[in-house]
Amino acid sequence: AMATAGPRSFSAAEVRARCAQGACLVSCRRRLYDLSGFVRLHPGGEQLLRRRAGTDVSAALDGPPHRHSENARRWLEQYYVGDIEPGDEQGFAAQNPAAEAAQLCAWYWDGLWVPQHYNPCLLPQDLVDWQKPLLWQVGYLGEKYDEWVHQPVDRPIRLFHSDFLEFLSKTAWYVVFMVWTPVVLYLSWVSYTSLAQGNTRLFSSFTTEYSIPVHKYYFPFIFLLGMILWSLLEYLIHRFVFHMKPPASNYYLITLHFLLHGQHHKSPFDSSRLVFPPVPASLVIGFFYGVLRLLLPEVLGLSVFVGGLCGYVIYDMMHYYLHYGSPKKGTYLYGLKAYHVKHHFEHQKSGSFGISTRFWDYPFRTLIPEETFQKED
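Residues numbered from 1 in each chain as written. Predicted model: local features only at pLDDT ≥ 70, side-chain atom pairs only at ≥ 80, totals over all residues. Heavy atoms only, no water.

If you look the protein chain up in an unreviewed UniProt entry, it shows as Fatty acid 2-hydroxylase from Pheucticus melanocephalus. In UniProt, the protein chain has this text filed under Sequence similarities (unreviewed entry): "Belongs to the sterol desaturase family. SCS7 subfamily." (UniProt positions renumbered as here; feature names shortened; annotations may be inferred.)

**Student:** It is not clear to me how the packing of aromatic side chains should be interpreted in this structure. Could you clarify?
**Tutor:** Two measures describe an aromatic ring pair: the distance that separates the ring centres and the angle between the ring planes. Under the criterion given, the structure shown has 28 aromatic pairs. On the basis of an interplanar angle of 55° and a centroid distance of 5.5 Å, the ring pair of W230 and Y315 is categorised as tilted. Note that W230 is positioned in helix α9 (residues 219-242) and Y315 in helix α12 (residues 298-324), a separation of 85 residues in sequence. Among the aromatic residues, ring-to-ring pairing joins F38, W75, Y79, W173, Y174, F269, Y320, Y324 and F345 into one connected group. In this arrangement the basic side chain of R358 is found over the ring face of Y339, its NZ or CZ atom lying 4.8 Å from the centre. (Phe/Tyr/Trp six-rings, centres within 6.5 Å; stacked < 30°, edge-to-face > 60°. Helix = DSSP H or I, 4+ residues; strand = E, 2+ residues; numbered from the N terminus. Lys NZ or Arg CZ within 6 Å of the ring centre and 35° of its normal.)

**Student:** Where do I start with helix α13 (residues 332-345) in this structure?
**Tutor:** An α-helix turns once every 3.6 residues. As a result, residues three or four positions apart point the same way. Over its 14 residues, α13 runs 20 Å from end to end, which matches the ideal 20 Å to within 8%, given 1.5 Å per residue. With 10 of its 14 residues buried, α13 lies for the most part within the structure. Residues of α13 that are buried: Y334, L336, K337, Y339, H340, V341, K342, H343, H344 and F345. Lining the buried residues of α13 we find α4 (70-77), α9, α10 (251-266) and α12. (Expected span 1.5 Å × (residues − 1). Buried < 20%, exposed > 50% of the residue type's maximum accessible area, 1.4 Å probe, protein only. Contact = heavy atoms within 4.5 Å.)

**Student:** Just to check I follow, could you spell out the environment of M318 for this structure?
**Tutor:** For M318, the location among the structural elements is in helix α12. As a C-alpha pair, M318 and T357 span 39 residues in sequence and 9.8 Å in three-dimensional space.

**Student:** For this particular structure, what's the right way to read the pairing of strand β2 (residues 25-28)?
**Tutor:** Side-chain positions along a regular strand alternate between the two faces of the sheet. Burial of β2 is two-sided: the residues L25 and S27 facing one way and the residues V26 and C28 facing the other way are all buried. Where β2 lies against strand β3 (residues 31-34), 4 bridges are found, and the strand directions are antiparallel. Looking at the pairing, L25 lines up with D34 of β3. Between β2 and β3, which pair antiparallel one after the other, the connecting turn spans 2 residues, and R29 there sits at a positive phi close to 50°. (Pairing = 2+ DSSP bridges.)

**Student:** Could you clarify how one ought to interpret the nonpolar core in this entry?
**Tutor:** Across soluble globular proteins, nonpolar side chains show a tendency to be buried alongside one another. Of all hydrophobic cores here, the largest spans 52 residues; its most connected members are Y33, L35, W180 and Y312. Ranked by the residues each element gives to this core, the list is headed by α12, at 16 residues. Aside from chain neighbours lying at most four places away, what touches Y33 is C24, L25, V26, C28, L76, E77, Y79, Y80 and V81. (Core = buried A, V, L, I, M, F, W, Y, C linked by side-chain atoms within 4.5 Å.)

**Student:** Mind showing me how you'd approach α4 here?
**Tutor:** Counting buried positions along α4 yields 7 of 8 residues, so the element is predominantly enclosed. Of all the residues in α4, the buried ones are N71, A72, R73, R74, W75, L76 and E77.

**Student:** I keep staring at the confidence of the model for the protein chain and nothing clicks. Help me out?
**Tutor:** Close inspection of predicted coordinates is inappropriate in any region flagged by low pLDDT. For the protein chain, the average pLDDT comes to 83, and 83% of its residues sit at 70 or higher. Scored below 50 in pLDDT, residues 93-124 shows 62 contacts in the model against residues more than four places distant or in partner chains. In this model residues 373-377 is a low-confidence stretch, pLDDT under 50, and it forms 8 contacts with partners more than four residues away in sequence or in other chains. (pLDDT = per-residue confidence, 0-100.)

**Student:** How should the pairing of β3 be read in this particular structure?
**Tutor:** Summarising the sheet, β3 and strand β4 (residues 80-84) pair through 3 bridges and their orientation is antiparallel. Bridge assignment links L32 to a residue of β4, and that residue is G82.

**Student:** Where do I start with the packing of α12 against α13 in this structure?
**Tutor:** Think of two packed helices as two axes; the pair is described by the angle between the axes and how far apart they sit. Two elements in contact, α12 and α13, have axes whose closest approach is 9 Å; the angle formed by their N-to-C orientations is 80°. With respect to α13, the axis of α12 lies roughly perpendicular. Counting all contacts with α12, which are made through M318, H319, Y321, L322, H323 and Y324, the residues of α13 involved are Y332, L333, L336, K337, H340 and H344. (Axes fitted to C-alpha atoms, helices over the stretch in contact; angles between N-to-C directions. Parallel < 35°, antiparallel > 145°, perpendicular 65-115°, else oblique.)

**Student:** Looking at this model, I keep getting lost on the layout of surface pockets. Mind explaining?
**Tutor:** Where empty space is left becomes clear once a probe the size of a water molecule has been rolled over the atoms. The volume enclosed by the largest pocket comes to roughly 1200 Å³. What lines the largest pocket is a set of 45 residues, among which I237, F242, F276, V284 and Y312 lie closest to the centre. Those elements that provide at least two residues to the lining of the largest pocket are α7 (163-168), α9, α10, α11 (278-295) and α12. Counted by class, the lining of the largest pocket contains 33 nonpolar, 9 polar and 3 charged residues. Of the volumes computed, that of the second largest pocket is approximately 930 Å³. (1 Å grid on protein atoms, 1.4 Å probe; cavity = no way out; pocket = protein on both sides within 12 Å on 5 of 7 lines; lining within 4 Å. Points joined across faces, edges and corners; volume = space filled by probe spheres on them. Nonpolar A, V, L, I, M, F, W, Y, C, P; charged D, E, K, R; others polar.)

**Student:** Even after reading the chapter, I still don't get the environment of V138, so can you show me in this structure?
**Tutor:** Here V138 lies in the loop between α5 (97-108) and α6 (145-149). By relative accessible area, V138 is classed as buried at 0%. Spatially, the C-alpha atoms of V138 and G262 are 9.8 Å apart, while their sequence positions differ by 124 residues. Residues within four places of V138 in sequence aside, it is in contact with Y145, W148, I254, T255 and F258.

Right, dumping it as structure tokens:
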């Protein structure tokens, strides 16, 4: 058998030279990490991470302003490239290295996680084989599935053996915008012109005498109602369907959970899987259209539906941006991005079920608690 090389060691001078060329290398207790590929995705913003290039980040990981979760520290390990040369730790202050080392060993060998940029020979066995499609494997994880799926990794996921099905399951963000925006515009025009004919009345199926005429100028308000209904639906689907805990004994429910949302939690930065592919989306959207047509007079149902569809498009665009965008510090989207990333790394089961708004987290009491920093002894 070939002997595997151990971790590389880097001198402080080499680290400084690489950072001067634009790399983002940081250390944590003598271990060196290359975050160059991750800086744009950093929830606290790219600049914050760039300012820490070439320094020890162990104190920053503990906060304030933000204490990083175990998942965030596990995530960091994916970018491990080697160690700082012994005696060359100026500016790389170590704090209690023994405890840190013990913790890292525990994480490595829990068998639940495999980093991407690591020598595979140095790795523990993951619970799944990443060389094969994951969809048919996850059901066998049983009671280990729930813990495994909520430990995110930075690597692309393949779901299906079939190239065609795999193609249908992946979508670039702009495809959603290109497919559904013309539909929203067309159906808005149809709704408005139908209302303008003045034949639409509320309650006409119960009583012709007291039915209420619906004026064309009501269209923006009905449209807005559709958007509000969508935001509630978005919350309910995310909370009760996407975050159901599948029974450990049920292979099919685990597989369904992974297909619907588990894959996104396992690999939150897989850019081809951040928005809903138009082919399966059209089935779901068609179902909701049918329900609204049954419940409301046709033009009203259509007007509510088109508002909801517009809300859905905004939601999918925002979800992509919360993962890949760099909103300015202090803006609404900056707060929303930090909140959403906390949902991925720390509070997967307790909060942030509304993606494009935090509004529904208030009445349903699923708000992620604000961080507090007690002085630790």
